[in-house]
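Structural description and commentary
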Amino acid sequence: MRYKYNCLATGHSNILFLLTFVICCLSSWNVFAVSEVDELKVFLATVKQRVAQTGSVSCKFEQRRSLAVFSKPVIFHGRMAVQRPDKLRWENISPVPSVMIFSGDSGIRCNDDAEPVRFDLASDPVMKMVAEQIWTWADSAYDKLRDQYRISLTAPYVVELVPLGGQLAETVASIQVTFGSLSLQPENVLILEKEGDKTELRFYNYISGRSLDETLFTSCYQ
Amino acid sequence: MSHLLDKPVLKWLLVLLVVCGASFFASSLQLREDAMDMLPDAMVKGDMAIFNKLGLVNRVYINVGIDSAEPEISLAQWGALRRSVEKMGDMLAREPLFDQTSYRLDPGYELAFMEDIRTRLPEMLTADDYLVLETKVSEEGVRTALEGVFRMLNSPAGIAMAKQIVADPLGLTLLAAERLKGMRGEFAVNLRDGLFVAEDGKNCLIWADAATSLTDSQNARDVNRRLQKIIADSLEPGISAYTIGTLPHTLSNINMVDKDLKLLLPLATIVLAVFLFWVFRSMKAFLVLFIPFLAALPSLALLHYIYPKISAMALGFGIVLTGLAVDFAVHIYLALTRESGGRDAILRNLRRPVLLAWITTSAVFVILLSSSVSSHRQMALLALFGITFAVIFSWLLVPTISGGHGLRLGGGERFFSRDFPSGPPQLLICAWVLFLTAGAFAWPHLRYNGDMQVLDAVNDEIRRTDTDFKNKWRRADDQAFVVATGKNLDEVLDRNDLVNSYLAEHLGGVYHSMAPMLPGLETRLQRHQLWNSFWTIHRDQLDERMRRIGVELGFRPDSFSPFIASLHRDARIKSSEELLSGPFRSLFSSMVRDSGTRGPESVLALTVVPLREGSLPIIQNLALKEKHIHVISSQGWRRDVEQMLRSDIVRLSFLGIAMVCIVALFSFRRFRPVVAALAPVGSALSAMALWDFCMGNGMNLMHVLMGLMVIGLAVDYGIFSVCAHQQGISAVTRRAVSVCAVSSCIGFGVLSLAGHPALHSLGSTVLIGIGLAWPTAIWVTPAILGKAKQ
């Protein structure tokens, strides 16, 4: 009986211990989760503040595309210029030059050997999707992307975006943006696709706050 | 029996029994208030039936826009507009009053479109496309294409579109996607987030097909009530919406008629009551006026026996026309109370003019029975029954309350009994002939306007929104709808191909057709043959080139194998139903319709052609060659309706005048009395012609219909005057004619104050016609007859 009591006592103490542990874990997870969300909010607010301070940005980039159709990863070099709120120029310089300009609801795309093609985002759904893609990681305005992506802070200065649905979710698995600790500009972007393809972008030589030549957003080649 | 009917109580009992019995039968009468009832049968069964099957008549277009003076709207504004449109579209789609609602393309439509087009390539590519393909599959073409693919895959577009780019490296889809431009439909529509957006980017379009006829006033009210609630519940602040189409026009007309009648009917009743009290100063006289209206119920019961559903318009007009029978009661009453010679003798004398007047009035309505407009036929039949019953009831009942010969004359009656200075008869006749000459001069200059739009009471708001909509959505000023019909989808698509090739040959590319996306079976078979023979020759060579050049550019050798595999020979031919499904379904649905009925024209395919000068006859030639292809344009439609109504009305007017002349000739047999009896008709016609000539309005449907009625009334005045003159009782008849004419002028004339063009035309025609027939009957007719007595 006594033994039984002891056993019960031991059992009780075990259960109590387990309960206490679970409650503590849940509480700490909750606290942790809350703090993680807060941390993301704080971080995104900081980025947003930085974006608000810098009206224009230009930089160089290196793009590494690893696609199943390529025999080996392809590396491109180029320049990007952003004039907020709605102008963006994406220029591949080597090995094959090409330019893509978005200005408001319209745009221009050029290849070195062809006439510039003007497009209207309202009537060109493909270019509209491309524009939305670029602005996603170039603008850092994550507030307005919350209904399209699940956004989380996976490491300090690393934001991960996972498409929630729609056609983008059919191809893109996740987009990981790593910000410079000092500049708070996107330095590395890793786009993982569902079928294993991936794109790595490295942005460097940032120049911000300096007014950009308007012709950057009106013609492909100066 | 005749002895029994001599007893007044039994007469009243008999009449009341008939009325009560009739009210029982008439109680199940069903009314319909439909603007279609105003159109000739051929149009309702022809073009309008096609419009109905296509859903165009009952389609409500809703423009949802943001109120912003800025050239472009912000993202937040667009969000508010988008949410409003989506909420409204969802609510309309769930609303049972609407069959089908289109407000957006399915989510993910961008890639789905391209994917869908890729599967349609064997059906879509034409012989011309294969000439372009020859270049694309050449050594140089493949190299250029793969260089482009490499560049695209390494551009930002490559991230979003890699799968699509690799699946179609030669851009065959883009070649076929050009066809989409031909599917614009009636409007210039852009897409934003899948919504249909105007060029200004600030307005979105929703269209919904009502499940019931919107030309029917009750349906229009029900649909509008629900629609306004949905609009109010879905709009966010700063967003507004308006509707265009049949609905606002129907509502505007109903509201204006309601407003007019609410004001004018009490006004006419009061003025008429005051006038009659002034004339008769007797309650008995009011009872006399009430008797003819007892005829309404038996005539309705008879009409119901013939037509299960009666047009409300026909009912209203028919009852009004029945009111003309008051003239008979007044004549009988005045003769019995004011003349001397004994009741039986007076009734004997009255028998001839009453019978003649009934024959002439009925003859006019018998002629109207041959009208091609269903509401006219119903109206005529109701009036015919009504007048016949009214004459019988008046003949039976008026004598029972007309005792007390030599009643004191009312003030009005004394007034109408006076001998007004009218001048020498010759002068009167000269003036009348001059008046007829002026009328005859004006007659050929009259312009008949059969366009039903002149009777369409649109307010400024509707005019403004119609114009605004046309500008925003670049709707062509005038456009033709070419409708191919068939018993099934295969047949209709084949005929639609015929339309497409004919228009391409004769008008170039300026039209909107879905034939390139939805080719007929015959065309599909031909295109499959082209596809098979082309790839039989080129596929293996293309495979080798893509592997070789691809490797040179940095691709794996088998990168484009799935594309090569998709160019398979002997691809299955898609069925018409398969072609109709997919992401384009909502676009197709506005241009291809299965009416749900069985018959040689149960399925329809629409092509919209903006009209240029001279293009309509070219298009109409196609309809002449192929009986299952119809061409409908507002221009041609108006012209056809006008021609049909014009021929109808000319025939009816001619027959009406001829019938009245024949009856007068048959009754009076001698030249003078015949001319005298017809004199008021001549005056009425001249007056109406001069009035329309001076006002420069042109005649419309209402003028002509009421003109027929005026002929019937005016000849009655002539007949009564001639008979009275022959019997030497001119003074009493003059009073009767005057009372009847003035009361008709009051009753109808008040309608000339109406805002609704149809009511206004009706009122002014009667006022002018009767207004001149009356003095002619009391002055000119006796002047023509002279001192001669029969």
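A few points about the overall build of chain A
Within chain A, the secondary structure is distributed over 3 helices and 11 strands. Each helix and strand of chain A, placed in order from N terminus to C terminus, yields the pattern α-β-β-β-β-β-β-α-β-β-α-β-β-β. Taken over 222 residues, chain A has a buried fraction of 25%. In chain A, the proportion of contacts linking residues at least 24 apart, taken out of those at least 6 apart, comes to 39%.

Focus on the overall build of chain B
What chain B contains, in helices and strands, is 31 helices and 12 strands. The proportion of buried residues among the 790 residues of chain B is 49%.

Here we look at the sheet that holds strand β10 (residues 592–594) of chain B
Residue and element names in this part refer to chain B. Taken in spatial order, the 4 strands of this open sheet run β10-β11-β9-β12, and their pairing is antiparallel. Two strands in the sheet have a free side with no partner beyond their single neighbour: β10 and β12 (629–633). Each adjacent strand pair in this sheet contributes to an overall mean axis angle of 25°, direction not counted. Examined bridge by bridge, β10 and strand β11 (residues 603–610) share 3 bridges and lie antiparallel to one another. Bridging across to β11, Arg 593 finds its partner in Leu 604. Set on the sheet, helix α21 (residues 489–507) makes contact with β9 (479–486), β11 and β12; between it and β11 the angle comes to about 15°.

A closer look at the pairing of strand β6 (residues 203–210) of chain B
Across a regular strand the side chains alternate sides, sitting on one face of the sheet and then on the other. Residue and element names in this part refer to chain B. With 8 of 8 residues buried, β6 lies mostly within the body of the structure. Covered by surrounding structure in β6 are Asn 203, Leu 205, Trp 207 and Asp 209 together with Cys 204, Ile 206, Ala 208 and Ala 210, the residues of both alternating faces. Relative to β6, strand β3 (residues 98–102) runs antiparallel, the two being bridged by 4 bridges. Across the sheet, Phe 98 pairs through a bridge with Ala 210, a residue of β6.

Here's the deal with helix α16 (residues 343–368) of chain B
The terminal C-alpha atoms of α16(B) lie 36 Å apart, and with 26 residues this matches the ideal 38 Å at 1.5 Å per residue to within 8%. At B:Leu350, α16(B) shows its largest kink, close to 30°, and the proline B:Pro353 lies no more than four residues downstream.

A closer look at the packing of helix α4 (residues 75–94) of chain B against helix α10 (residues 217–234) of chain B
All names here are of chain B. The interhelical angle for the contact between α4 and α10, taken along N-to-C directions, is 145°, at an axis separation of 9 Å. Judged by the sense of rotation from one axis to the other, the crossing of α4 with α10 is right-handed. Of the residues in α10, those in contact with Ser 84, Lys 87, Met 88, Met 91 and Leu 92 of α4 are Ile 230, Ile 231, Asp 233 and Ser 234. Here the contact of α4 with α10 is composed, by residue class, of 5 nonpolar, 2 polar and 2 charged.

Things to note about the interface of chain A and chain B
If you look at the interface, chain A gives 28 residues, while chain B gives 26 residues. Among the elements that line the side of chain A that touches chain B, the one with the most residues is helix α2 (residues 125–138) of chain A, at 6 residues. When the residues that make up the side of chain A that touches chain B are grouped by side-chain class, the tally is 15 nonpolar, 11 polar and 2 charged.

Side note on the pairing of β9(B)
Residues and elements named next belong to chain B. Within β9, 7 of the 8 residues are buried, leaving the element largely enclosed by the surrounding structure. Note that β9 and β12 share 5 bridges and pair antiparallel. Counterpart to Val 482 in the pairing with β12 is Val 631.

Some remarks on the environment of B:Ala480
Residues and elements named next belong to chain B. On the secondary structure map, Ala 480 appears in strand β9. The buried category is assigned to Ala 480, around which 26 C-beta atoms lie within 10 Å. Once the C-alpha coordinates of Ala 480 and Ser 633 are considered, the two residues, 153 residues apart in sequence, prove to be 4.2 Å apart. Setting aside anything within four residues of it in sequence, one finds Ala 480 in contact with Val 609, Leu 611, Leu 616, Ile 619, Val 631, Ile 632 and Ser 633.

Section: the packing of helix α7 (residues 139–153) of chain B against helix α22 (residues 521–553) of chain B
Residue and element names in this part refer to chain B. For the pair α7 and α22, the least separation of the axes is 10 Å and the interaxial angle reads 45°. In terms of their interaxial angle, α7 and α22 are classed as oblique. Here the hand of the crossing between α7 and α22 comes out right-handed. Along its contact with α7, which presents Glu 139, Val 142, Arg 143, Leu 146, Glu 147 and Phe 150, the element α22 presents Leu 542, Arg 545, Met 546, Ile 549, Gly 550 and Leu 553.

A word on the nonpolar core
All names here are of chain B. Within the largest apolar cluster, 141 residues are counted, with the highest numbers of intra-cluster contacts made by Val 64, Cys 204, Ile 206, Val 482 and Val 483. When residues of this core are assigned to their parent elements, the largest contribution, 7 residues, is made by α7. With 124 residues, the next largest nonpolar core counts Ala 679, Leu 685, Leu 713 and Ile 719 among its residues.

Focus: the environment of B:Ile159
Positionally, B:Ile159 belongs in helix α8 (residues 156–167). For B:Ile159, the contacting residues outside a window of four places in its chain are A:Gln133, A:Ile191 and A:Thr199.

Comments concerning the sheet that holds strand β2 (residues 74–83) of chain A
All names here are of chain A. Reading across from one edge, β6-β5-β4-β3-β2-β1-β11-β10-β9-β8-β7 is the order of the 11 strands in this open sheet, with antiparallel pairing throughout. Because the sheet does not close on itself, it has two edges, and the strands there are β6 (117–120) and β7 (149–155). Pairwise comparison of adjacent strand axes, ignoring direction, gives a mean angle of 20° for this sheet. Bridging between β2 and strand β3 (residues 87–94) involves 7 bridges; their strand directions are antiparallel. Looking at β3, one finds that Gln 83 is bridged to Lys 87.

Conventions we followed
Residues numbered from 1 in each chain as written. Chains lettered and ligands numbered in written order. Predicted model: local features only at pLDDT ≥ 70, side-chain atom pairs only at ≥ 80, totals over all residues. Helix = DSSP H or I, 4+ residues; strand = E, 2+ residues; numbered from the N terminus. Buried ≥ 20, exposed ≤ 12 C-beta atoms within 10 Å, placed from the backbone. Contact = placed C-beta atoms within 7 Å. Pairing = 2+ DSSP bridges. Axes fitted to C-alpha atoms, helices over the stretch in contact; angles between N-to-C directions. Expected span 1.5 Å × (residues − 1). Bend = angle between axes of the 7 residues up to and from the residue. Left-handed = near helix turned anticlockwise from the far one by under 90°. Nonpolar A, V, L, I, M, F, W, Y, C, P; charged D, E, K, R; others polar. Parallel < 35°, antiparallel > 145°, perpendicular 65-115°, else oblique. Core = buried A, V, L, I, M, F, W, Y, C linked by C-beta atoms within 7 Å.

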